[in-house]
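Secondary and tertiary structure notes
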Amino acid sequence: MAEKLKMFCYQCSQTAGGTGCTVQGVCGKAATVARLQDNLLLATKGMAAYLYHARELGYTDSEIDAFLERAFYATFTNVNFDAEEFVNLAVEAGEMNLRTMRLLKKAHIDTFGEPVPTKVHTGTKKGHAIIATGHGLKALHELLKQTEGTGINVYTHSELLPAHGYPGLKKYPHLVGNLGKAWFDQKKLFAEIPAAILGTSNCVLLPKDEYKDRMFTTGPAKLPGVKHIPGYDYSAVIEKALALPELPDRPGEITLTTGFSLKSILPLAGKIKELVTAGKIRHFFLVGGCDAPLRKSTYYREFVANLPEDTIVLTLACGKFRFNDLDLGDIDGIPRLIDLGQCNDSIVAIDLAQELAKLFGVGVNDLPLTLILSWMEQKAVAILWSLLSLGIKGIYLGPILPAWVNDDILKVLQDSYDLHLIGEPREDIARILGG
């Protein structure tokens, strides 16, 4: 892959340095390096987000730190112009992101316990309320401790939905449900619900005036005109929640299920193998990733809604909110929709795929498993390179291409990894299932 990228001149569309290259490859090398530098920066930003939350809980890794230092220095002006080296660094970033996600998962499980499948209400309960959004489980935990006995109900939003599956968090009875869907619905949601709001990480949007005075940020998140809490003393959030009107008792139309961990799925391995062998489970799909407010993102709901009833859907990250309200039923007691958690829980999906490969005595690429990924931000870059570093092929990607990819880089990814762009849902399903 690196050799193919290194050889192309993006300015004159000829082989770099060849007889048809008008600038003897200088333009090609510069353009390739610039694109690959952008890719590496995005991947390392995604890793840094995961590493931040692990460090919050006291977990660090000097090898990851050393890689970040080396990767950032390589993108420094006038340091490295070697395109092949940047491809190698991207693959290494994927490997290091696996290590980072595994570190964060260990931090979460050690601190809050192994997640268990849990039903989550989506309506409101009578009482004062705080909505917590983002990825910060430590921040949520501190908020739950401080609101205990105050009469305040705490709700999660977006990527904090999986918090309900952790025993150390679900033990608080005032963690009562999840409101809203993916990150980009917050302006409408927060304006409509008179609750105090705590933004714990990335994926916070510039607030509307309707709720700016009742929103707070903590940790790395900061917004103009919004009070920032540098530590974990959330007394100002609590005070604001108590000053606001109580929410009504209004049950939601659906109940979500989250909290499927590797340990909760592996005991079903024998039954899963039996169902696959008997032809009752034909194919597994991992459908998830970073959701985006784009018209073509409707693809993911249409895709899941049109899957045959002998297929299983694994999902994670906020992309699941496109379809996790669908009732897909089960196959002899195995749920057809299995929510594995946040985007950092991609490591659970990877470990699960490797366990299934062992179970069936094949390689991961030989499993009846296809990845259908939605693309949006930096962590998605890191995860994509993690998958490529493992040699996983046949991924379907959308609704847009990463900004650092052009037609020729895409061709290399397609040739080397059988990468596909999403098309029409029914046509993609037919292509994957062979009919």
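Residues numbered from 1 in each chain as written. Predicted model: local features only at pLDDT ≥ 70, side-chain atom pairs only at ≥ 80, totals over all residues. Heavy atoms only, no water.

Let us look at the packing of helix H10 (residues 269-277) against helix H12 (residues 346-360). The geometry of H10 relative to H12 is characterised by a closest axis approach of 11 Å and an angle of 60° between their N-to-C directions. Where H10 crosses over H12, the handedness of that crossing is right-handed. On H12, the residues that touch Ala 269, Ile 272, Lys 273 and Val 276 of H10 are Leu 356, Leu 359 and Phe 360. (Axes fitted to C-alpha atoms, helices over the stretch in contact; angles between N-to-C directions. Helix = DSSP H or I, 4+ residues; strand = E, 2+ residues; numbered from the N terminus. Left-handed = near helix turned anticlockwise from the far one by under 90°. Contact = heavy atoms within 4.5 Å.)

The strands that make up a sheet pair up through hydrogen bonds in the backbone, lying either parallel or antiparallel. One open sheet holds the 6 strands; their spatial order is S6-S5-S4-S7-S8-S9, and the pairing between them is parallel. Looking at the sheet topology across the chains shown, the edges are occupied by strand S6 (175-178) and strand S9 (227-229). Shown here is a sheet whose adjacent strand axes are inclined to one another by a mean of 25°, direction ignored. Inspection of the sheet shows strand S7 (residues 196-199) paired to strand S8 (residues 215-218) by 3 bridges, in the parallel sense. (Pairing = 2+ DSSP bridges.)

Under the criterion given, the structure shown has 5 cavities of 30 Å³ or more. Approximately 310 Å³ is the volume attributed to the largest cavity. Residue lining of the largest cavity: 26 residues in total, with Leu 286, Leu 371, Leu 373, Ile 383 and Leu 387 positioned closest to the centre. Of the residues forming the lining of the largest cavity, the biggest block, 6 residues, is contributed by H12. Its residues assigned to classes, the lining of the largest cavity shows 22 nonpolar, 4 polar and no charged. As a volume, the second largest cavity reaches approximately 80 Å³. Lining the second largest cavity are Phe 260, Ile 265, Leu 268, Ile 272, Phe 284, Ile 312, Leu 314, Ile 334, Pro 335, Ile 338, Leu 352 and Leu 356. A per-class count over the lining of the second largest cavity returns 12 nonpolar, no polar and no charged. (1 Å grid on protein atoms, 1.4 Å probe; cavity = no way out; pocket = protein on both sides within 12 Å on 5 of 7 lines; lining within 4 Å. Points joined across faces, edges and corners; volume = space filled by probe spheres on them. Nonpolar A, V, L, I, M, F, W, Y, C, P; charged D, E, K, R; others polar.)

To continue, consider the sheet that holds strand S11 (residues 283-289). Ordered by their spatial adjacency, 6 strands build an open sheet running S15-S12-S11-S16-S17-S18, and the pairing between neighbours is parallel. The open sheet has two edge strands, strand S15 (337-339) and strand S18 (420-421), and neither has a second partner. With 3 bridges connecting them, strand S16 (residues 369-374) and strand S17 (residues 396-398) associate as parallel partners. Residue pairing for S17: Leu 373 is matched across the bridge by Leu 397. Contacts between helix H11 (residues 298-305) and the sheet are confined to S11, strand S12 (311-315), S16 and S17, with S16 contributing the most and set at about 155° to the helix.

Mean pLDDT for the protein: 92, with 92% of residues reaching 70 or above. Segment residues 6-27: pLDDT under 50, and 39 contacts once partners within four positions in sequence are set aside and those in other chains are kept. (pLDDT = per-residue confidence, 0-100.)

All right, on to the packing of aromatic side chains then. For the coordinates displayed, the defined rule picks out 9 aromatic pairs. Joined through ring pairs, the aromatic side chains of Phe 285, Tyr 299, Tyr 300 and Phe 303 make up one cluster. Sitting over the face of the ring of Tyr 232, Lys 138 holds its NZ or CZ atom 4.8 Å from the ring centroid. (Phe/Tyr/Trp six-rings, centres within 6.5 Å; stacked < 30°, edge-to-face > 60°. Lys NZ or Arg CZ within 6 Å of the ring centre and 35° of its normal.)

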